[in-house]
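Spelled out, the chains give:
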Amino acid sequence: MPRCRVNLSIMTFLVILQGAAVVLFCGWYLQLSPSNGKVHVLLLSSWRSGSSLMGQVFSQHPSVFYLMEPAWHVWTRLRNQGARSLRMAVRDLLRSVFQCDLSVMEAYMQEPYRFTSLFMWAQSRALCSPPACMLTPRNQLSNRTECEQHCKAQGLQRAEEACNTYSHVVLKEVRFFELESLYPLLQDPSLDLRIIHLVRDPRAVFRSREESAYDLRRDSATVLEQCKVPAEEVQHQVMQEICRSHMSINERAVLKPPPFLKGRYKMVRYEDMMRNPLEEIDAMFEFVGLEMTQQLKEWVYRMTHGKGKGRRKDAFKVISRDADLVSQAWRTMLPHSKVKRIQEVCKGAMSLLGYKTVNSDEEQKRLDIDLLVPREPDQ
Ligand SMILES: *[C@@H]1O[C@H](CO)[C@@H](O)[C@H](O)[C@H]1NC(C)=O
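Since this is a predicted model, take the numbers as computed values, not measurements.

Re the sheet that holds strand β4 (residues 193–199)
Taken together, 5 strands build an open sheet; the order of strands is β2-β3-β1-β4-β5 and the sheet is parallel. At either end of the open sheet lies a strand with only one pairing partner, and these are β2 (64–68) and β5 (265–269). Pairwise comparison of adjacent strand axes, ignoring direction, gives a mean angle of 20° for this sheet. Note that strand β1 (residues 39–44) and strand β3 (residues 168–173) share 6 bridges and pair parallel. Considered in β3, the bridge of L44 is made with E173.

Focus on the side chain of S245
If you trace the backbone, S245 turns up in helix α10 (residues 231–254). Its relative accessible area of 3% is what places S245 among the buried residues. Among the polar contacts listed, one links the side chain of S245 to the backbone oxygen of I242, at a separation of 2.8 Å.

Focus on the state of the cysteines
Within the structure shown, the criterion is met by 4 disulfides. What pairs with C133 in a disulfide is C151, and their sulfur atoms sit 2.1 Å apart. Sign of the S-S torsion, about -85° for the bond between C133 and C151, identifies this disulfide as left-handed. Taken together, the residues span a long stretch of sequence, with C133 in the loop between α4 (83–98) and α5 (144–150) and C151 in the loop between α5 and α6 (156–164) at a distance of 18 residues. Side by side, C133 and C151 carry an identical accessibility label, which is buried.

Re the packing of aromatic side chains
Evaluation of the coordinates by the stated rule reveals 8 aromatic pairs. Ring geometry for F58 against F285: centres 5.3 Å apart, planes inclined by 70°, an arrangement best described as edge-to-face. Linking F58 in helix α2 (residues 51–59) with F285 in helix α12 (residues 277–288), this pair joins segments that are 227 residues apart in sequence. The pair formed by F58 and F285 is uniform in burial state, with each residue classed as buried. Taking the centre distance of 6.3 Å and the plane angle of 45° together, the rings of F65 and Y166 count as tilted. Of the two residues, F65 sits in strand β2 while Y166 sits in the loop between α6 and β3, which places them 101 residues apart along the sequence. Ring pairs connect the aromatic residues W47, W75 and F177, which therefore count as one cluster. Seen from the ring of Y214, R217 lies directly overhead, with NZ or CZ sitting 3.8 Å from the centre.

Points about empty space enclosed by the protein
Applying the stated criterion across every chain yields a total of 5 cavities of 30 Å³ or more. Counted as a void, the largest cavity has a volume near 100 Å³. Within the residue set of the lining of the largest cavity, elements represented by two or more residues are α11 (270–275) and α14 (321–327). Each pocket or cavity is described by its volume, and for the second largest cavity that value is around 50 Å³.

What to know about a nonpolar patch on the surface
Taken together, the side chains of I10, M11, L14 and L17 present a nonpolar region at the surface, about 380 Å² in accessible area. Mapped onto the fold, L17 is located in helix α1 (residues 2–32).

Structural notes on the pattern of salt bridges
Using the criterion set out here, one finds 18 salt bridges in the structure. Among the salt bridges present, the one from R194 reaches D192, with a minimum N-O distance of 2.9 Å. Judged by its relative accessible area of 17%, R194 falls in the buried class. Via salt bridges that share partners, E69, K172, R175 and D219 belong to a single interconnected network.

Overview of the environment of P112
Here P112 lies in the loop between α4 and α5. Sequence spacing of P112 and Q154 is 42 residues, and the spatial spacing of their C-alpha atoms is 9.6 Å.

Rules behind the numbers
Residues numbered from 1 in each chain as written. Predicted model: local features only at pLDDT ≥ 70, side-chain atom pairs only at ≥ 80, totals over all residues. Heavy atoms only, no water. Pairing = 2+ DSSP bridges. Helix = DSSP H or I, 4+ residues; strand = E, 2+ residues; numbered from the N terminus. Axes fitted to C-alpha atoms, helices over the stretch in contact; angles between N-to-C directions. Buried < 20%, exposed > 50% of the residue type's maximum accessible area, 1.4 Å probe, protein only. Polar contact = N/O pair within 3.5 Å; in protein donor to acceptor, adjacent residues only side chain to side chain. Disulfide = S-S within 2.5 Å. Phe/Tyr/Trp six-rings, centres within 6.5 Å; stacked < 30°, edge-to-face > 60°. Lys NZ or Arg CZ within 6 Å of the ring centre and 35° of its normal. 1 Å grid on protein atoms, 1.4 Å probe; cavity = no way out; pocket = protein on both sides within 12 Å on 5 of 7 lines; lining within 4 Å. Points joined across faces, edges and corners; volume = space filled by probe spheres on them. Patch = residues over 30% accessible without salt bridge, like charges linked within 9 Å, V, L, I, M, F, W, Y side chains within 5 Å. Areas by Shrake-Rupley, 256 points an atom, 1.4 Å probe, with all protein chains shown as cover. Salt bridge = Lys/Arg side-chain N within 4 Å of Asp/Glu carboxyl O.

Right under this line is the structure:
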């Protein structure tokens, strides 16, 4: 029976070969199919620009798996580096996290690897909800304090499991200063990436940064590539870098976008979001394919109106004066000399993004003069 045995092994070989072909083909096919309908959203912003609030709007949505600043771990772990040399590590980290592979975080964390060790994990409603934690039903708003108290420490795999059950993965990052490093993600057929670029009046950012300069000192050093800079110059140089990056990102995406960027970039001004929260959030949701929910509407109203007791029915018709006033605080708090300096450093960005300069102390303090240039719709 030697002939028969030969045939058998040939058969076995052929079967294995065919199996391998099927596996290869499936892999190839899956690579081609765009992201299985999943949408990946990068909230790209800078420090003190309202990105945490915007992140919360997404995080509380029942279809969203949200993480705040995964790149915090990279910058913190490699804290003596510069932003330039870290950007590719950050880019690749984002790609893995978008694909719900959180093992990449292990490189930057201490053992044991728990999702409850992720930076600001309790800001993520999805990590307070099943299957990550049984506390908050998926269609309810989460409460960070309760989440921190009641959700047990669990492995990263539990967060991966959760991530896999959502249609949208949303990541917030303040650690990008250009778009080019993200090109491979925009061209990656396994991702359907949309970028929302949140900017804010540099004068308001500066004021807020001055207040928290100490907390931001490590990040500032990374932004400035660990160069020796006189202490009083640090904030100006960081602002210059931030303004330069806003310009470079916006020009890249709007003036001459490469084909793979078309329809994937949306710029949002913090001030517009504070004046017309519902309209702006509706537009953002539409851009990424999310439905607005009644619960979220009410929640946004409360967030932008402080303890306000506005009538529910016209919640979003009124201008949210509280929030708008806060966003103008720099006009009374900053001395005009400092404002002038920031305007010099950020001239190009301010003109591009639609922030008018003030030419005197009087003009600065007259809050009835609106410094926001209205935006063309759908830009
Ligand atoms: C969250 O929960 C804490 C503790 O139960 C409570 O004190 C706080 O008011 C809650 N926050 C919100 C925004 O509901």
